[in-house]
Amino acid sequence: MKMLSLNPARSFVVIALACVFACTSPSGSIDVFIEAEDTIVSGIEAGAGPDDMQDGWTATFDRYAAVLGDVELQLATDDTVQAGLPGQVAIDLAGIAPSGASLGRIGDTPAGRYEIRYRQGSAREATNVDLDAVDFEEMVAGDCTYLVSGAITRADGRSCPSTLADVPAGRTPDADGCFPAPAVSFRWCASAPAAYGPCQSENGPSGVALTQGGALASLTIHGDHLFFNGFPEGEEGGVVRLAQWLADADLDLNGEVTRAELERIALEDVVEFDGRYELGGAPPLPNLPGETTPEPMDDLWSYVRTQLRTQGHLNGEGECPVDTE
């Protein structure tokens, strides 16, 4: 199990635990981990299964750096009993161990069920770094929450770019206006801050239950939301995973999709966003500097950032709604 080198002075803080409560009630410790969904480590296979990519593409990631932390817990039966782990950690989830990475331990906490919240911020806030130095510098320079790089592949893959395409000389489309594209790569440094919670346990009540034997809370980041056909609320069972939109965003047909290309493509011009997609219910992006209303989700870059803001979960599949207040 990988242990992050946290600053001992910031390892944990317990707030407002009145001795009259703590000294007369059982207590224990909550171990907090960072965990990557298998889609980040192993990729997403093409297939007909409920968790497969349904349009023939396979996705893999070689980097999936994320910034997260600032864990807050609150006793469900007494909102004056609170605990937490402050600080933001920058970590590459693509290289994380199956058992996850330890974020820290919250000790001497009264037993009971705790609501849990956490936050994803910017690399500039990171108080601990478990990340390649060059990647981290890129994230700091871009004020990024995520640095995601990888590729989608398909032996008979095609890119069918819009009229915005900068088709190189000598390239001739097929009868459908498409070009061969067996592999399309990407590397995106994206600002996608989010506050999550209160988080649900999978198929169970909210938060985590602490007994004298202790408790475990894993902040789990999912890697497949980029390919969701919408923004589901609650369970993801009805979601379809599709990647053709990404292949079609390669406007210069060089085999790589950049932020600049995504910013050029309005959502209304994405042919793949047809009846299979439902884009309602998306959590609003934060306000632009100097603005009082959220940034609009109106192009593919803002779409990618919005999907990234929905990836926070608890203990695997437990749902963590995005706090939009």
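Anything mentioned here points back to the structure above.
Residues numbered from 1 in each chain as written. Predicted model: local features only at pLDDT ≥ 70, side-chain atom pairs only at ≥ 80, totals over all residues. Heavy atoms only, no water.

A. Quick peek at the overall build of the protein. When helices and strands are counted, the protein shows six helices and 18 strands. For the protein, whose C-alpha radius of gyration is 21 Å, the value lies close to the compact-globule estimate of 20 Å for 325 residues. In terms of overall dimensions, the protein has a C-alpha envelope of 80 × 40 × 40 Å along the principal axes. Counting the 325 residues in the protein, one finds 48% classified as buried. (Helix = DSSP H or I, 4+ residues; strand = E, 2+ residues; numbered from the N terminus. Rg over C-alpha atoms; globule rule 2.2 N^0.38 Å. Buried < 20%, exposed > 50% of the residue type's maximum accessible area, 1.4 Å probe, protein only.)

B. Summary view of the nonpolar core. If you look at the biggest cluster of nonpolar residues, it comprises 73 residues, and the most contacted ones within it are Phe227 and Trp245. When residues of this core are assigned to their parent elements, the largest contribution, eight residues, is made by strand 4 (residues 58-75). Those residues within four positions of tryptophan 245 in sequence are excluded, and the remaining contacts are Trp188, Leu226, Phe227, Leu262, Val270, Glu272, Phe273, Tyr277, Leu300, Tyr303 and Val304. Ala90, Ala123, Met139 and Cys189 belong to the second largest nonpolar core, which has eleven residues in total. (Core = buried A, V, L, I, M, F, W, Y, C linked by side-chain atoms within 4.5 Å. Contact = heavy atoms within 4.5 Å.)

C. Spatial organisation of the side chain of glutamate 261. Residue position: glutamate 261 is located in helix 5 (residues 259-264). Within polar-contact distance, the side chain of glutamate 261 engages the backbone nitrogen of threonine 258 at 2.9 Å. Discounting chain neighbours no more than four positions away, the residues touching glutamate 261 are Ala249, Asp250, Leu251, Asp252 and Glu256. (Polar contact = N/O pair within 3.5 Å; in protein donor to acceptor, adjacent residues only side chain to side chain.)

D. Quick look at the packing of aromatic side chains. One pass over the structure, following the stated rule, counts nine aromatic pairs. Taking 6.0 Å as the distance between ring centres and 90° as the angle between the ring planes, the aromatic pair formed by tyrosine 64 and tyrosine 146 counts as edge-to-face. Here tyrosine 146 lies in strand 9 (residues 146-153) and tyrosine 64 lies in strand 4, a separation of 82 residues in the sequence. In this pair, the class of tyrosine 64 matches that of tyrosine 146, namely buried. Through a chain of ring-to-ring contacts, three or more aromatic side chains come together here, namely Phe61, Tyr64, Tyr146, Phe186 and Trp188. (Phe/Tyr/Trp six-rings, centres within 6.5 Å; stacked < 30°, edge-to-face > 60°.)

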